[in-house]
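The lines below spell out each chain.
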Amino acid sequence: MSARPKTAPSYAGLTPSSQRASAAAKGSSRKRDTACELQLRRALWRLGLRYRVARRDLPGKPDIVFAAARVAVFVDGDFWHGRDLVARLAKLQAGHNAPYWTAKIRRNVERDANNTELLQAAGWEVLRFWESELLADPVAAARVVEAAVSRRRQPRSGPA
């Protein structure tokens, strides 16, 4: 199965509540340095792990990158990235401007899956954490990352 970029979503006939509401939502939604991302980064730093943040040259611009080990970490917001997608979509269906919001969240989920696929096809291990999981226990998540980085840094033995 080949990973290929998907086309841009079509929101034909769908409109946000208003331009002002859209601008306010976009402006108030942080793209990086969120509270949960900072907590994970602090926990990783305490474990002695060094990383890069938001590498633009990788699909999806991972939040945290361990280039030598080829591990990409994403911190996904529960709302925007569709945690408990079925329940989320049901709730959105009952709200204002339902077709727009359900299409938006579905597209975010599709894009996340596509970016994961592209990274994996390029030899990266991809770890994704929900914001609520990180806020509950950032150290546990950091240990998962530490194990992945350690495993990927191990020299591979085999026939030469």
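Calculation criteria
Residues numbered from 1 in each chain as written. Predicted model: local features only at pLDDT ≥ 70, side-chain atom pairs only at ≥ 80, totals over all residues. Heavy atoms only, no water. Core = buried A, V, L, I, M, F, W, Y, C linked by side-chain atoms within 4.5 Å. Buried < 20%, exposed > 50% of the residue type's maximum accessible area, 1.4 Å probe, protein only. Helix = DSSP H or I, 4+ residues; strand = E, 2+ residues; numbered from the N terminus. Contact = heavy atoms within 4.5 Å. Axes fitted to C-alpha atoms, helices over the stretch in contact; angles between N-to-C directions. Parallel < 35°, antiparallel > 145°, perpendicular 65-115°, else oblique. Left-handed = near helix turned anticlockwise from the far one by under 90°. Nonpolar A, V, L, I, M, F, W, Y, C, P; charged D, E, K, R; others polar. Salt bridge = Lys/Arg side-chain N within 4 Å of Asp/Glu carboxyl O. pLDDT = per-residue confidence, 0-100. Expected span 1.5 Å × (residues − 1). Arc of directions from axis to C-beta.

**A look at the nonpolar core**
Counting 20 residues, the largest nonpolar core has Leu40, Leu44, Phe66, Val73, Phe129 and Val145 as the members making the most contacts within it. Here this core gets 5 residues from one element, more than from any other, and that element is helix α6 (residues 138-153). Once you skip the residues sitting within four places of it in the chain, Val145 turns out to touch Leu44, Phe66, Val73, Leu127 and Phe129. Judged by nonpolar contacts, the second largest core, of 7 residues, contains Leu58, Phe74, Leu119 and Val126.

**Details of the packing of helix α2 (residues 35-46) against α6**
Close contact between α2 and α6 brings their axes to 9 Å; oriented N to C, the two are set at 60°. Overall, the two elements α2 and α6 adopt an arrangement that is oblique. Handedness of the crossing formed by α2 with α6: right-handed. Every residue of α6 that contacts α2 at Gln39, Leu40, Ala43 and Leu44 is listed here: Pro138, Val139, Ala141, Ala142 and Val145. A class-by-class count of the residues in the contact of α2 with α6 yields 8 nonpolar, 1 polar and no charged.

**Focus: the pattern of salt bridges**
The final tally for this structure, using the stated rule, is 7 salt bridges. Arg128 is the salt-bridge partner of Asp76, the closest N and O atoms lying 2.9 Å from each other. One end of the pair, Asp76, is in strand β3 (residues 71-76); the other, Arg128, is in strand β4 (residues 125-130), and 52 residues separate them in sequence. Arg128 sits in the partly exposed class, given a relative accessible area of 27%. With its nearest N and O atoms 2.7 Å apart, the salt bridge here joins Glu125 to Arg151. Of the two residues, Glu125 sits in strand β4 while Arg151 sits in helix α6, which places them 26 residues apart along the sequence. On the basis of relative accessible area, Arg151 is assigned to the partly exposed category, the value being 46%. The network of salt bridges with common partners includes Asp33, Glu37 and Arg41.

**A word on the confidence of the model for the chain**
On average, residues of the chain score 85 in pLDDT, and 77% of them reach the 70 mark or higher. Per-element confidence in the chain ranges from a low mean pLDDT of 58 for helix α1 (residues 19-28) to a high of 98 for strand β2 (residues 64-66).

**Some thoughts on the side chain of Thr116**
Counting through the fold element by element, Thr116 comes out in helix α4 (residues 98-121). You can call Thr116 buried: its relative accessible area is 15%. Dropping the residues within four chain positions of it, Thr116 is found in contact with Val126 and Arg128.

**Overview of α2**
Between its first and last C-alpha, α2 extends 17 Å over 12 residues, near the 16 Å set by a 1.5 Å rise per residue. Within the span of α2, buried status applies to Cys36, Glu37, Leu40, Arg41, Ala43 and Leu44. Viewed end-on, α2 has its buried residues packed into an arc of 160°, placing them on one side of the element. Along α2, the residues that are exposed and aim more than 90 degrees away from the buried face are Ala35 and Arg46. Looking at the buried residues of α2, the elements they touch are β1 (52-53), β2, β3, β4, α5 (131-136) and α6. Backbone geometry just after α2 places Gly48 at a positive phi near 85°.

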